[in-house]
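This is what each chain is made of:
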Amino acid sequence: MIEPGKEAPIASAILFLLAGPILWATHLLLVYGVQSAACAVGNSAMAPSVLIQASVILATLGAILLLCFSLFFPGRLAHMLRYEMPEPHNRTFSVRVERLLSLLSLMGVVWSGASVFQIDVCGLLR
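Residues numbered from 1 in each chain as written. Predicted model: local features only at pLDDT ≥ 70, side-chain atom pairs only at ≥ 80, totals over all residues. Heavy atoms only, no water.

1. Remarks on the overall build of the chain
The helix and strand inventory of the chain stands at five helices and zero strands. Its helices and strands in sequence order give the chain the pattern α-α-α-α-α, from N to C terminus. Every one of the 126 residues in the chain was classed for burial, and the buried ones make up 28%. Taking all contacts inside the chain whose residues are at least 6 apart in sequence as the whole, residues at least 24 apart take part in 84%. If you sum the accessible surface of the chain, you get close to 8,500 Å²; carbon and sulfur atoms cover 72% of it. (Helix = DSSP H or I, 4+ residues; strand = E, 2+ residues; numbered from the N terminus. Buried < 20%, exposed > 50% of the residue type's maximum accessible area, 1.4 Å probe, protein only. Contact = heavy atoms within 4.5 Å. Areas by Shrake-Rupley, 256 points an atom, 1.4 Å probe, with all protein chains shown as cover.)

2. Some remarks on the packing of aromatic side chains
For any pair of aromatic rings, the description rests on two quantities: the centre-to-centre distance and the angle between the ring planes. Counted by the stated rule, this structure contains two aromatic pairs. Both rings, one in Phe16 and one in Tyr83, keep their centres 5.0 Å apart while their planes meet at 20°; by these two values the pair is stacked. Placement of Phe16 in helix H1 (residues 10-17) and of Tyr83 in the loop between helix H4 (74-80) and helix H5 (88-114) is noted, with a sequence separation of 67 residues between them. Accessibility assignment for this pair places Phe16 and Tyr83 in one class, buried. Ring centres of Phe69 and Phe73 lie 5.7 Å apart, and the angle between their planes is 45°; on these two criteria the pair is classed as tilted. Since its relative accessible area comes to 25%, Phe69 is described here as partly exposed. (Phe/Tyr/Trp six-rings, centres within 6.5 Å; stacked < 30°, edge-to-face > 60°.)

3. Some details on the side chain of Ser102
One can find Ser102 in helix H5. According to the relative accessible area criterion, Ser102 is buried, its value standing at 0%. Side-chain polar atoms of Ser102 contact the side chain of Ser70, separated by 3.1 Å. Once residues within four sequence positions are removed from consideration, Ser102 is found in contact with Gly20, Leu67, Ser70 and Leu71. (Polar contact = N/O pair within 3.5 Å; in protein donor to acceptor, adjacent residues only side chain to side chain.)

4. Brief notes about the environment of Gly62
With respect to the secondary-structure elements, Gly62 resides in helix H3 (residues 49-72). Distance in space between the C-alpha atoms of Gly62 and Leu23 is 9.9 Å, their sequence separation being 39 residues.

5. What to know about H3
If you check H3, its first and last C-alpha atoms are 34 Å apart, about what 24 residues at 1.5 Å a residue would give, namely 34 Å. Listing the buried residues of H3 in full gives Ile52, Val56, Thr60, Ala63, Leu67, Ser70 and Leu71. In this fold, the buried residues of H3 make contact with helix H2 (19-41), H4 and H5. (Expected span 1.5 Å × (residues − 1).)

If you want it as structure tokens, here you go:
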């Protein structure tokens, strides 16, 4: 039985397990927030599409780097979030869940970042 003082805090466990989906949600917020604001500020004749494309590409690359860090170095991520699991079985399960969710989030980030090359940046907002 685990001593009550040795269990990981629930907040750090949630942050560790949901690091990928949190980064994915942050990426979507940044991408669509910047796009909507820039398209609303720019008039219809001169939309800042190059600025929007550059910001989407930068946000996507940043999110990809952070997600790759969480995929390849889950131990460091756990240490940064102060998530420590004393039992090896629970540690293995937590790392596998975190990697799976980060991989899913990585695919979502790449998919939403690639849309900047597929569709008109301010097309629906004009």
